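# Coordinates in review
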Amino acid sequence: MPDDGQQPADEAPYIRLLSIKRFRGIEDLTWLPAKGVNVLLGGGDVGKTTILEAIALLLNPTNATTLSDADYWQRRHEEGFEILAVMALPLTCGIVEQRKSVWPWEWCGEGAKLPDLEVNNGQPHDPVFCVRVCGTPNFDLQHEICQPDESFDHFPVSVRRNIGVVRLSGDDRNDRDLRLLQGSALDRLLSDRTLRSRLADKLGETDVDGELKDEAKTALAALNRRFVVRLLPSQLGLGLVGGQGFSLNALIGLMATKDGTKLPLSSWGAGTRRLAAFEVAALHQVDHPIIVVDEIERGLESYRQRILMEELIANPSQVFVTTHSAPAVNAAVGAALWYVDTGGKVGSLPASVAAQQKRDPETFLARLAVIAEGATEVGFVTTLLTRSIGEDIRRYGIRVSDGGSNSEALTVLRGLAASGLAVAGFADNEGTQEGLWQQVKEKLGDFLMRWPNGCLETNIVPHLCDDQIEAFITDAEGDAGERLRTLADRLGIQDKSLAAILAATGDIRQLIVGAACGSPPADAGSPNHQKKEWKKHGQRWFKSTAGGAELGEKVFALGLWPNLSPQLLPFVNAVRTAVGLAAAQTVD
């Protein structure tokens, strides 16, 4: 990406407020994007691409766009559409050099207001300009500058080009920009206006008739005779012709050499074509144009997604990106993350979710993200939901993510719940930060499952009957030795048989909970090596994703579900209804 450093970052244009009304699938949207890179996340058909296309249409460097009824909200073209932006613009773009004076507004933090010129010595404190494009009921486009006196002036192509917009779309537009089609990026880059006529002269000299086979010449002669009989123009032949909607230049595109052979770039891979079109578009722009990139991952390997995202973040331009790619989200550290919900509303993902962004970027790409506080909870919740739904929960867009810890899961849940992203949570009750947990509960309702007290083990183990103890201790491989050893160590006995352990303890369930949780000795003065060793006990029980899954299976295999159902079933049904399934009476 070109960046010669000639223009300082504060001279780069950027959109401070974007308003879209009745454009395509968006009825009404108001958004205050960030100055740098804005990454738009969300499900399919929620309006992410439409937002990018609205920006590209507003700043389109040509007037060649043709509208259809699909460009209007619910195809109601009689109501028109409006795309408006409040923009900080460098004066070098020429917006104040029009024949009719263009006056700036003043930014008030949430939009443009009339400047108080008396207070600020005749100058707005934080000047911005209001520009818009309207689709009329007659399918015409009107680019306008909105003046502070509520009048409107033309928003000319020359100013739009000086502001600059580089577009990398998710469709095959990149192939168009690699050819000399009128208005393409390559055509605007070369700016050779007489090339078309010169090529027509050269191509007109080609003897096309001489290349015809005898059968074709005979057919052409027969056609000529019929034209003569009908008194139509005769002496027919073949030549390269143009016409309205056609251009000989459309046959000309960029070539590149591979293994000594020149090949059209349009025949190369999708990722190469996209990046090539991006560079062509960027080269003839101002230093730091506004950049829109739809589906950054299309055609690009993971490493190229990361490189492109990092380059966009390092560039002073304001950038708008959509993506469904985990590597791209993972690389977007320093970018502003936004979530577009099914209602077309844009919510900010706060910086507090950055750790989750690095740990599990798929959290932000799921239809429903379930934040489980640790590996054990991830395995348990995945098993629980899989049993309820009856198949792989990924097919429903459910992602169970490790939140890192109890406090980190709380931070992530608070951030995601406020953004509008569909999220659920599953956490222990450690008796800390009760006020914040209550706020999340009020926001998420049944989507947050938090034990009244304690953790998974403390809420499951007490329901074990005496004759179920041995089966509970036995691991998924049918071995109980390591777990029995943790119990014996805690009792200070050498014999690790279950009978010996039962004889040495008055509360086997409490002993199991302590070992499974990796709880330290009750005596605070215990040696450090003993504390470390006891902490490792949990790893021999359920402190892993596989261990959590095993614990979940044991709940059903040992018939413990009825005891846990009042606590867990509301959470299960909240998840089911979120992905379009009916509430269940139980989980089998």
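Cut-offs applied
- Residues numbered from 1 in each chain as written.
- Predicted model: local features only at pLDDT ≥ 70, side-chain atom pairs only at ≥ 80, totals over all residues.
- Heavy atoms only, no water.
- Helix = DSSP H or I, 4+ residues; strand = E, 2+ residues; numbered from the N terminus.
- Buried < 20%, exposed > 50% of the residue type's maximum accessible area, 1.4 Å probe, protein only.
- Contact = heavy atoms within 4.5 Å.
- Pairing = 2+ DSSP bridges.
- Right-handed = clockwise from strand over helix to strand, strands pointing away.
- Expected span 1.5 Å × (residues − 1).
- Core = buried A, V, L, I, M, F, W, Y, C linked by side-chain atoms within 4.5 Å.
- Axes fitted to C-alpha atoms, helices over the stretch in contact; angles between N-to-C directions.
- Phe/Tyr/Trp six-rings, centres within 6.5 Å; stacked < 30°, edge-to-face > 60°.
- Lys NZ or Arg CZ within 6 Å of the ring centre and 35° of its normal.
- Parallel < 35°, antiparallel > 145°, perpendicular 65-115°, else oblique.
- Nonpolar A, V, L, I, M, F, W, Y, C, P; charged D, E, K, R; others polar.
- Salt bridge = Lys/Arg side-chain N within 4 Å of Asp/Glu carboxyl O.
- Polar contact = N/O pair within 3.5 Å; in protein donor to acceptor, adjacent residues only side chain to side chain.

A count of helices and strands for the protein chain gives 21 helices and 20 strands. Looking at the protein chain residue by residue over its 588 residues, the buried ones come to 47%. When contacts within the protein chain are restricted to residue pairs at least 6 apart in sequence, those whose partners lie at least 24 apart make up 68%.

Turning to the pairing of strand β19 (residues 423-427), a few remarks are in order. In terms of burial, β19 is largely enclosed, as five of its five residues are buried. What you see with β19 is no split at all: Val423, Gly425 and Ala427 on one side and Ala424 and Phe426 on the other are buried throughout. As paired strands, strand β17 (residues 368-372) and β19 are joined by four bridges and run parallel to one another. Bridge pairing links Ala372 to Phe426 in β19. Pairing analysis gives three bridges linking β19 to strand β20 (residues 448-450), with the strands arranged parallel. Bridging from a neighbouring strand, Ala427 pairs with Arg450 of β20. Once you follow β19 into helix α13 (residues 434-444) and on to β20, the crossover reads as right-handed.

We now examine helix α6 (residues 214-229). Because each turn of an α-helix spans 3.6 residues, side chains separated by three or four positions end up pointing in the same direction. Compared with the 22 Å implied by 1.5 Å per residue over 16 residues, the 23 Å span of α6 between its first and last C-alpha is a close match. Phi for Leu231, located one or two positions after α6, is positive at around 60 degrees.

Most often, soluble globular proteins have nonpolar side chains that are buried together. Judged by nonpolar contacts, the single largest core of 52 residues is most densely connected at Ile398, Phe472, Leu487 and Phe571. Looking at this core element by element, the count peaks at seven residues for helix α21 (residues 561-578). If we ignore the near neighbours within four places in the chain, the residues touching Phe571 are Val370, Val381, Leu385, Ala424, Gly425, Phe426, Asp446, Phe447 and Met449. Counting 41 residues, the second-largest nonpolar core is a separate cluster that includes Leu312, Ala331, Leu413 and Leu416.

Attention now moves to the sheet that holds strand β18 (residues 398-402). Read across the sheet, four strands follow the order β18-β17-β19-β20 without closing on themselves; strand pairing throughout is parallel. Of all strands in the sheet, those with a lone pairing partner are β18 and β20, marking the two edges. For this sheet, the mean inter-axis angle between neighbouring strands, taken without regard to orientation, is 15 degrees. Judged from the five bridges that link them, β17 and β18 form a sheet pairing that is parallel. Within β18, the position partnered with Leu368 by the bridge is Ile398. Contacts from helix α12 (residues 406-419) reach β17, β19 and β20, with the element oriented near 160 degrees to β19. Set on the sheet, α13 makes contact with β19 and β20; between it and β20 the angle comes to about 140 degrees.

This brings us to the packing of aromatic side chains. Taken as a whole and assessed by the stated rule, the structure comprises eleven aromatic pairs. An angle of 70 degrees between the planes, with centres 5.7 Å apart, marks the rings of Trp31 and Phe320 as edge-to-face. With a gap of 289 residues between them, Trp31 in strand β2 (residues 26-31) and Phe320 in strand β14 (residues 319-322) connect regions that are remote in the sequence. Take Trp31 and Phe320: they sit in the same class, and that class is buried. A centroid spacing of 5.6 Å and a plane angle of 70 degrees characterise the contact between Phe426 and Phe571, whose relative ring orientation is edge-to-face. Taken together, the residues span a long stretch of sequence, with Phe426 in strand β19 and Phe571 in helix α21 at a distance of 145 residues. Here Phe426 matches Phe571 in class, with each residue buried. By the ring-pair criterion, three or more aromatic residues cluster together here, those being Phe23, Tyr72, Phe81 and Phe139. Positioned above the aromatic ring of Phe152 is the side chain of Arg132, whose terminal nitrogen or guanidinium carbon lies 3.9 Å from the ring centre. Note that Arg387 overlies the ring of Phe556, its terminal NZ or CZ placed 4.2 Å from the centroid.

A few words on the packing of helix α16 (residues 481-491) against helix α18 (residues 508-517). Contact geometry of α16 with α18 gives a least axis separation of 10 Å together with a crossing angle of 105 degrees. Relative to α18, α16 is oriented roughly perpendicular. Contact residues: α16 offers Thr486, Leu487, Arg490 and Leu491, while α18 offers Ile508, Leu511, Ile512, Gly514 and Ala515. Residue composition of the contact of α16 with α18, grouped by class: six nonpolar, two polar and one charged.

For the coordinates displayed, the defined rule picks out 25 salt bridges. Notably, a salt bridge pairs Glu301 with Arg304, separated by 2.8 Å at the nearest N-O pair. Judged by its relative accessible area of 21%, Arg304 falls in the partly exposed class. Here Asp489 ties to Arg485 by a salt bridge, and the two come within 3.5 Å at their closest N and O atoms. A residue pair is termed a helical-turn pair when its members lie 3 or 4 positions apart in one helix, as Asp489 and Arg485 do in helix α16 at four residues.

Attention now moves to the side chain of Ser325. Within the secondary structure layout, Ser325 lies in the loop between β14 and α9 (326-331). At 3.3 Å, the side chain of Ser325 forms a polar contact with the backbone nitrogen of Ala328. Setting aside chain neighbours within four positions, we find Ser325 in contact with Glu297, Gln305 and Leu365.

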